[in-house]
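Fold and contact review
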Amino acid sequence: MRKLARARSRRVRLQVLAWPAFRKSAANPQAALLARELAALDVDVIDWTPLRALSRPRHLWHLHYPETVVYRRSSTASAFEAVAFLALLWLARLRGVRIVWTVHDLGGNDGLHPRLERWFWKCFIPACDGFICLSERGRTMALERFPALRGRPAYTVPHGHYRNVYPGTATREDA
């Protein structure tokens, strides 16, 4: 029995640097709901920041919406942010951190900097060790849009519900 207890105490908890985890839950609680579920499974989930990416390597870096780094109005600011983000991503990989991307969108929604965005995806996709899609159709579309993802571990995890987040005050008619 003591051996089992010692083995459990030596077990290393999976550490996930999540972008985002909890910080953006007011805008969209989906990532925070996922982070809470992972924490309930004894996974150490921490919100990503550039400093944490540099100073606290984790086992896994889980990303939602990486393309937001090219959303600045200024092309110079977007280029700087994209280069800095990709440098942190590749540094994490050099340290042995695995990169997992949850695919929500297949490209930017505003198209402010199309050339920069194409370059970003060309650099980002090879850094992914695996990806998650919210449906089988989403997985098919991701592989069509990003053929470099072929052969990478891919998982389909349906989008969770928001029943416990928003009050259920709407009537059936209003809904």
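Higher on the page you've got the structure.
What you see is a predicted model; the values in this text were computed from it and never measured.

Below, the discussion takes up the nonpolar core. The biggest cluster of nonpolar side chains holds 33 residues, and the ones touching the most others in it are W61, F85, L89, W101, F120 and F124. Taken together, the elements giving at least two residues each to this core come down to β1 (15-19), β3 (60-64), α4 (75-94), β4 (98-103), α5 (114-124), β5 (130-133) and α6 (136-145). Leaving out residues up to four positions away in the same chain, F120 has contacts with P66, E67, V69, V70, A82, F85 and L86. In this structure, V16, A18, A35 and V43 belong to the second largest nonpolar core, which totals 6 residues.

Quick look at the packing of α4 against α5 now. Two elements in contact, α4 and α5, have axes separated by 11 Å at closest approach and are oriented at 0°. Compared by their axis directions, α4 and α5 come out roughly parallel. Side by side, α4 and α5 meet where S75, S78, A79, A82, V83, F85, L86, L89 and W90 of the first sit next to L116, W119, F120, C123 and F124 of the second.

Our focus in this paragraph is the pairing of β3. Along β3, 4 of the 5 residues are buried, which leaves the element largely enclosed by surrounding structure. As paired elements, β1 and β3 share 4 bridges and run parallel to each other. By the bridge assignment for β3, L17 is matched with W61. Summarising the sheet, β3 and β4 pair through 5 bridges and their orientation is parallel. Pairing of W61 across the sheet is with I99, part of β4.

Take H113: it is sitting in the loop between β4 and α5. Assessed through its relative accessible area of 12%, H113 is described here as buried. Of note is the side chain of H113, whose polar atom sits 2.7 Å from the backbone oxygen of R72. Setting aside chain neighbours within four positions, we find H113 in contact with V70, R72, R73, S74, S75 and S78.

What counts as what
The numbering scheme is per chain: residues are counted from 1 as the chain's sequence reads. In keeping with the predicted nature of the model, local features appear solely for residues at pLDDT of at least 70, side-chain atom pairs appear and are counted solely at 80 or more, and the whole-chain, interface and lining totals rest on all residues. For side-chain calculations, the full set of non-hydrogen atoms in the structure is used, while hydrogens and water are omitted. The nonpolar core is taken to be a set of buried Ala, Val, Leu, Ile, Met, Phe, Trp, Tyr and Cys residues, with the residues joined through side-chain atoms within 4.5 Å. Buried, partly exposed and exposed residues are distinguished by accessible area as a fraction of the type maximum, computed with a 1.4 Å probe on protein chains only: under 20%, between the cut-offs, and over 50%, respectively. Secondary structure is summarised from DSSP: a helix means a run of H or I of at least four residues, a strand means a run of E of at least two, and numbering begins at the N terminus for each. By definition in these notes, contact holds between two residues if any of their heavy atoms fall within 4.5 Å. Between N-to-C directions, angles cover 0 to 180 degrees, with each direction set by a line fitted to C-alpha atoms, over the stretch in contact for helices. When describing relative orientation, an angle under 35 degrees is termed roughly parallel and one over 145 degrees roughly antiparallel, while 65 to 115 degrees is termed roughly perpendicular and anything else oblique. Here the rule is simple: two strands pair whenever DSSP picks up at least two bridges between them. Polar contact is defined as a pair of N or O atoms within 3.5 Å, subject to the rule that within protein one atom must be able to donate a hydrogen and the other to accept it, and that residues adjacent in sequence are counted only when both atoms are side-chain atoms.

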